[in-house]
Amino acid sequence: MTNFKKLQIEIQGYDEEREKLIKKSRDVLKLSKQVIYAIHRGDNADSLVKEIEQELKALDNIAKFNEMMLSEGSYKIAVQEFVEAILYYN
């Protein structure tokens, strides 16, 4: 296998994992908003907090594919929103 082909496969794999990261980041963002809105309404957000913690773990597992994923904008924003929601919850 040529170096070019290896590089092409590596880039394709990274791109596939990046797409998963972006999709999972959206899930975390959505849940972050739901947690904050539930608190604003005076609703119990316990189940949403458990769900968002699970989603963040899944997001972190995707990000472990390549350490460059940790600097992807969608990942960083999702983590920031997660932290904001959890801090507001607590």
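For the structure itself, look to the data block above.
Values in this document were obtained by computation on a predicted structure and should not be read as measured data. (Residues numbered from 1 in each chain as written. Predicted model: local features only at pLDDT ≥ 70, side-chain atom pairs only at ≥ 80, totals over all residues. Heavy atoms only, no water.)

Q: I'd like a description of the packing of helix H1 (residues 3–41) against helix H2 (residues 46–63), backed by residues and values.
A: Remark: H1 packs on H2, axes separated minimally by 9 Å, with the N-to-C direction vectors making an angle of 160 degrees. When the axis of H1 is compared with that of H2, the two are roughly antiparallel. Here H1 runs over H2; the crossing is left-handed. Residue-level contacts link Glu17, Lys20, Leu21, Lys24, Ser25, Asp27, Val28, Leu31, Ser32, Gln34, Val35 and Ala38 of H1 to Leu48, Val49, Glu51, Ile52, Glu55, Leu56, Ala58, Leu59, Ile62 and Ala63 of H2. (Axes fitted to C-alpha atoms, helices over the stretch in contact; angles between N-to-C directions. Helix = DSSP H or I, 4+ residues; strand = E, 2+ residues; numbered from the N terminus. Parallel < 35°, antiparallel > 145°, perpendicular 65-115°, else oblique. Left-handed = near helix turned anticlockwise from the far one by under 90°. Contact = heavy atoms within 4.5 Å.)

Q: Residues and numbers for H2, please.
A: With 18 residues, H2 should reach 26 Å at 1.5 Å per residue; the first-to-last C-alpha distance of 26 Å fits that figure. Buried-residue contacts for H2 involve H1 and helix H3 (73–89). (Expected span 1.5 Å × (residues − 1).)

Q: Give me the side chain of Glu17: which residues, what numbers.
A: Position of Glu17 relative to the elements: it lies in helix H1. In this structure Glu17 comes out as buried when scored by relative accessible area, which is 16%. Non-local contacts of Glu17, meaning those with residues more than four positions away in its chain, are made with Ile62, Phe65 and Met69. (Buried < 20%, exposed > 50% of the residue type's maximum accessible area, 1.4 Å probe, protein only.)

Q: Describe the pattern of salt bridges, listing the residues and the values that go with them.
A: Counting across every chain of the model gives 5 salt bridges. Its salt-bridge partner being Glu17, residue Lys20 comes within 3.0 Å of it at the nearest N-O pair. Taken as a pair, Lys20 and Glu17 lie in helix H1 at a separation of 3 residues, close to a single helical turn. By relative accessible area, Lys20 is classed as partly exposed at 44%. With a closest N to O distance of 2.8 Å, Asp43 and Arg41 form a salt bridge. For Asp43, a relative accessible area of 40% corresponds to the partly exposed category. (Salt bridge = Lys/Arg side-chain N within 4 Å of Asp/Glu carboxyl O.)

Q: Describe in detail the environment of Phe65, supporting the description with residues and values.
A: Secondary-structure assignment places Phe65 in the loop between H2 and H3. By relative accessible area, Phe65 is classed as partly exposed at 44%. Through-space distance from the C-alpha of Phe65 to that of Tyr14 is 8.0 Å; in sequence the pair is 51 residues apart. With residues up to four places along the chain from it excluded, the contact list for Phe65 reads Gly13, Tyr14 and Glu17.

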